[in-house]
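Each chain is listed here by its residues.
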Amino acid sequence: MKPPHSLYGLSLDEISQALDLAKTYQAKQINEWLTKGVTDFSEMTNLSIADRERFAFLMGSACSSTVVERQRDRSGAAKLAIRLHDGAIIEAVLLTDERLRATACLSSQVGCAQGCTFCKTATMGFVRNLEAFEIVEQYIHLQNESSQAITHLVYMGMGEPLANTSEVIKSIHLFHDPTTWNIGLRRITISTCGLVGGIERLTEERVAVKLAISLVTADNRLRSRLMPVNKRFNIHELKDALIRHQQVSGKRVTIEYCLLGGVNTDEVNAYKLADWLSGLDALVNLIPWNRVEGLPYTTPTEAEIDRFARLLDRLAIAYTRRRSRGQAIDGACGQLAVPLNTLEYHLLTDDGE
Ligand code: SF4
């Protein structure tokens, strides 16, 4: 039997089968090492030397991917370039916020097919979906880089998670498993450009993670120009799906509002946003666009952002205004696009969880 690419994501029975284990307890021992991030069989010291050598001969490593580049910036953000078993490169980012929460930003696809006009990842097109084990391995690599435990996960790296819903849900179940990482669903966020079918599937399957929506504008026509997904699912369909999901999850939704200089920061956009938000429990996250070479946008000035924030104040819209972290390593929102400087992530909600 051909060995699997990775032991991550396998059940104990599957590990047992893959390695042709003589004793059932060995699968549990191996799984404990995997959970701790030990992927080199030679370091699994409670296995016999003969077994360790046999497993290494069979698979090489228990993990299918390798870190090929590490970057850190002064904010503490770290970005890893990770080579997958087929040679494709993705990136994953580790962020530490002012409360020292460590958050892993995970990619769900190699490239992205959604074509958002302000996004660097979009420029590389779609290559393939990641499998659940490849998503989990990003977390393992980031955890191995971090001096503190990763407590939060965001599916905001390269790709659109709800265009790869099955593998994303599978990975969420793996992270949430009490026998391994036991990460609470309230600490997991999926960021989507608004694929309504995927949101509905999360609702139907009662996957009560938090949602972050890359809205960018509540002007339907403008959104269709900026984000092709809006031609398939307009802002009204998107809002209906969010309300249904909120009824199941009971969680506040984050609205990511990427501020594009001179495009979506005027009074009309503020009023349309206020109108669209009515009936939703939402927090708007204002994220100034990060410059990406070759894309036809500008980062708004501080004065422009101040003016838009004052409009939101006047309209009683709940919002946060964050400085993007990770810019120095091109790990900020909209800046991911392997193999150059892959990664697009959005910032977290600040609701104390
Ligand atoms: S913003 Fe997200 S969904 Fe849109 S193209 Fe970029 S990676 Fe894809």
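What counts, and at which threshold
Residues numbered from 1 in each chain as written. Predicted model: local features only at pLDDT ≥ 70, side-chain atom pairs only at ≥ 80, totals over all residues. Helix = DSSP H or I, 4+ residues; strand = E, 2+ residues; numbered from the N terminus. Rg over C-alpha atoms; globule rule 2.2 N^0.38 Å. Buried ≥ 20, exposed ≤ 12 C-beta atoms within 10 Å, placed from the backbone. Contact = placed C-beta atoms within 7 Å. Core = buried A, V, L, I, M, F, W, Y, C linked by C-beta atoms within 7 Å. Domains from an automatic or database assignment.

A few words now on the overall build of the chain. Tallying secondary structure elements over the chain gives 11 helices and 12 strands in all. Taking 353 residues into account, the globule formula puts the C-alpha radius of gyration at 20 Å, and the chain, at 21 Å, falls close to it. Projecting the C-alpha coordinates of the chain onto the three principal axes gives extents of approximately 70 × 40 × 35 Å. A total of 353 residues make up the chain; the buried ones form 47% of that total. Of all intrachain contacts in the chain linking residues separated by at least 6 positions in sequence, the fraction that spans at least 24 positions is 67%.

In this structure, Ala-92, Ala-104 and Tyr-257 are the most contacted members of the largest nonpolar core, which totals 92 residues. If one sorts the elements of this core by residue count, helix α4 (residues 132-145) sits on top with 7 residues. In terms of domain composition, this core takes at least three residues from each of domain 1 (12-59) and domain 2 (66-329). Look past the residues within four positions of Ala-104 in its chain and what remains in contact with it is Ala-92, Leu-94, Gln-138, Tyr-139, Leu-142, Ile-150 and Leu-153.

Here the focus is the domain arrangement of the chain. Size of an interface: often given as the accessible area lost when the parts come together. The assigned domain composition of the chain is domain 1 (12-59) and domain 2 (66-329). Measuring from the centre of the C-alpha atoms in domain 1 to the corresponding centre in domain 2 gives 36 Å.

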